[in-house]
Amino acid sequence: MTDLYAVIGNPVAHSKSPQIHAEFAKQTKQDMAYGAILAPLEDFPATVEKLRREGYRGANVTVPFKREAWRIASDLAARALDAESVNTLSFENEKILGDNTDGAGLVNDIVGNLRFDIRNTRILLMGAGGAARGVIMPLAEQRPGQIVIANRTMEKALQLAEKFSITAKTYSDLAGDRFDIVINATSSSLKGELPPLPSGIFADNALAYDMMYGKQTPFMEFAREQGASEIADGLGMLVEQAAESFFIWRGVRPETKAVIEKLKSC
Ligand code: ATR
């Protein structure tokens, strides 16, 4: 019997996950099918129950349900506990196992694909919502010299800074600081906006990383003008988080490079 998986979101039609997992399944010869399920905004738990009853083996969870998935999981992996958000569910008998592969996806893209060594670097993480929260511990595990979190609403940055023992700043506090890696984990790019960054924050050979993908963002343009030497969007992270989910479900690590290249050319 073909094992069934899906991504659950709202909206979900734009999701590239079905294509990515189909590529992984073909490459690793796994007998599985992966679809996209639109869940009503008020009915995520019922959607999950329906999939379980139908014999699905697992699901990815995307906007806006990652927090709710964290709430309904019966067992949580450490990284999902830290993130307080779940993007990967595995259905095992009566259990709903919740994990979060977003942070691993980001780190694997930066280290494995972009070949950027995180150790001893100064990292600026912009944003203090779920997207930022999910990547703090995986970044910290790479032993950077420093992680600074910046957010318009200082209160939220302070809460994360306290929890994860990192430094919180407002955007204007950043004037005069220089970073080796600047990550945009805000939702500003979705709205065509730029976080209020001061000039001169990129150190020599700096990486600018926008977690959004699909088009040039105001942050990526700013990074170019400000002389960042490497500028990346979140397409690599998307494929890497999928690979990590695939590994959780199937116990096999798919090759990601060719899949990233293929998606870039679409
Ligand atoms: P997500 O789960 O994607 O992180 P979220 O919880 O709504 O979404 O958080 C959105 C983040 O983007 C917040 O950190 C928000 O900053 P505030 O907390 O100050 O609102 C940030 N954000 C959104 N638009 C922004 C902009 N134009 N400039 C800077 N930060 C922005």
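Residues numbered from 1 in each chain as written. Predicted model: local features only at pLDDT ≥ 70, side-chain atom pairs only at ≥ 80, totals over all residues. Heavy atoms only, no water.

Asks: Describe helix H8 (residues 218-225), and please don't skip the residues or the numbers.
Replies: What H8 keeps buried is the set Phe219, Met220, Phe222 and Ala223. Take H8 and look down its axis: the buried residues cluster within an arc of 160°, on one side only. Here the buried face of H8 lies against strand E7 (122-126), strand E10 (179-184), strand E11 (202-210) and strand E12 (230-232). One or two positions beyond H8, positive phi appears at glycine 227, with a value near 85°. (Buried < 20%, exposed > 50% of the residue type's maximum accessible area, 1.4 Å probe, protein only. Helix = DSSP H or I, 4+ residues; strand = E, 2+ residues; numbered from the N terminus. Arc of directions from axis to C-beta. Contact = heavy atoms within 4.5 Å.)

Asks: Requested: an account of the sheet that holds strand E6 (residues 95-99), with residues and values cited.
Replies: Strand order across the open sheet formed by 6 strands is E2-E1-E3-E5-E6-E4, with mixed pairing between neighbours. Where the open sheet ends on each side, the last strands, each with one partner, are strand E2 (32-38) and strand E4 (75-76). Both strand E1 (residues 3-9) and E2 contribute to a ladder of 7 bridges, which runs parallel. In the strand pairing of E2, glycine 9 is matched with leucine 38. Taken strand by strand, helix H1 (residues 17-28) contacts E1, E2 and strand E3 (58-61), and its axis lies near 175° from that of E2. Lying on the sheet, helix H2 (residues 44-53) is in contact with E1, E2, E3, strand E5 (88-92) and E6; it crosses E5 at an angle near 45°. (Pairing = 2+ DSSP bridges. Axes fitted to C-alpha atoms, helices over the stretch in contact; angles between N-to-C directions.)

Asks: Which residues make up the nonpolar core, and what are the values?
Replies: Leu106, Leu139, Ile149, Ile183 and Tyr209 are the most contacted members of the largest nonpolar core, which has 29 residues in total. Where this core is concerned, the elements lending two or more residues are helix H5 (102-113), E7, helix H6 (130-140), strand E8 (146-150), helix H7 (154-164), E10 and E11. Membership of the second largest hydrophobic core comes to 18 residues, among which are Ile20, Met32, Tyr34 and Ile260. (Core = buried A, V, L, I, M, F, W, Y, C linked by side-chain atoms within 4.5 Å.)

Asks: Describe the packing of H5 against H6, and please don't skip the residues or the numbers.
Replies: Each pair of packed helices can be summarised by the angle the axes make with each other and by the distance between the axes. Axis separation between H5 and H6 bottoms out at 7 Å; the angle between their running directions is 50°. What the angle tells us is that H5 and H6 run oblique. Judged by the twist between their axes, the crossing of H5 over H6 is right-handed. Counting all contacts with H5, which are made through Asp102, Gly103, Ala104, Leu106 and Val107, the residues of H6 involved are Gly134, Val135, Pro138 and Leu139. (Parallel < 35°, antiparallel > 145°, perpendicular 65-115°, else oblique. Left-handed = near helix turned anticlockwise from the far one by under 90°.)

Asks: Describe the side chain of asparagine 100, and please don't skip the residues or the numbers.
Replies: Take asparagine 100: it is sitting in the loop between E6 and H5. Polar side-chain contacts of asparagine 100 include one of 2.9 Å to the backbone oxygen of serine 85. Setting aside its immediate chain neighbours within four residues, asparagine 100 contacts Arg79, Ala80, Ala83, Ser85, Val86 and Asn87. (Polar contact = N/O pair within 3.5 Å; in protein donor to acceptor, adjacent residues only side chain to side chain.)

Asks: Requested: an account of the domain arrangement of the protein, with residues and values cited.
Replies: For the protein, the domain assignment lists domain 1 (3-100 + 237-265) and domain 2 (103-233). On a C-alpha basis, the centroid separation for the pair domain 1 and domain 2 is 25 Å. Across the domain 1 to domain 2 interface the summed buried area is about 1,300 Å²; carbon plus sulfur atoms make up 54%. The largest share of the area that domain 1 buries against domain 2 comes from Asp82, Met237 and Glu240, three residues that together contribute 47% of it. Here domain 1 and domain 2 share 1 salt bridge between them. In this structure, glutamate 84 and arginine 133 form a salt bridge, with 3.1 Å as the shortest nitrogen-oxygen distance. (Domains from an automatic or database assignment. Buried area = accessible area lost by both parts, 1.4 Å probe. Salt bridge = Lys/Arg side-chain N within 4 Å of Asp/Glu carboxyl O.)

Asks: If you had to explain the pattern of salt bridges to someone new, which residues and values would you point to?
Replies: Side-chain pairing between opposite charges can occur once the charged atoms of the two side chains come close. In the structure shown here, the tally under the stated rule is 17 salt bridges. With a closest N to O distance of 2.8 Å, aspartate 3 and arginine 250 form a salt bridge. Of this pair, aspartate 3 sits in strand E1 while arginine 250 sits in helix H9 (residues 235-250), and the two are 247 residues apart along the sequence. On the accessibility criterion, aspartate 3 (16% relative accessible area) is buried. Taking the shortest distance from any N to any O, the salt bridge between aspartate 180 and arginine 122 comes out at 3.3 Å. Note that aspartate 180 is positioned in strand E10 and arginine 122 in strand E7, a separation of 58 residues in sequence. Judged by relative accessible area, which is 14%, aspartate 180 ranks as buried. For arginine 122, a relative accessible area of 34% translates into the label partly exposed. Several salt bridges converge on common partners, so that one network encompasses Arg79, Asp99, Glu244 and Arg253.

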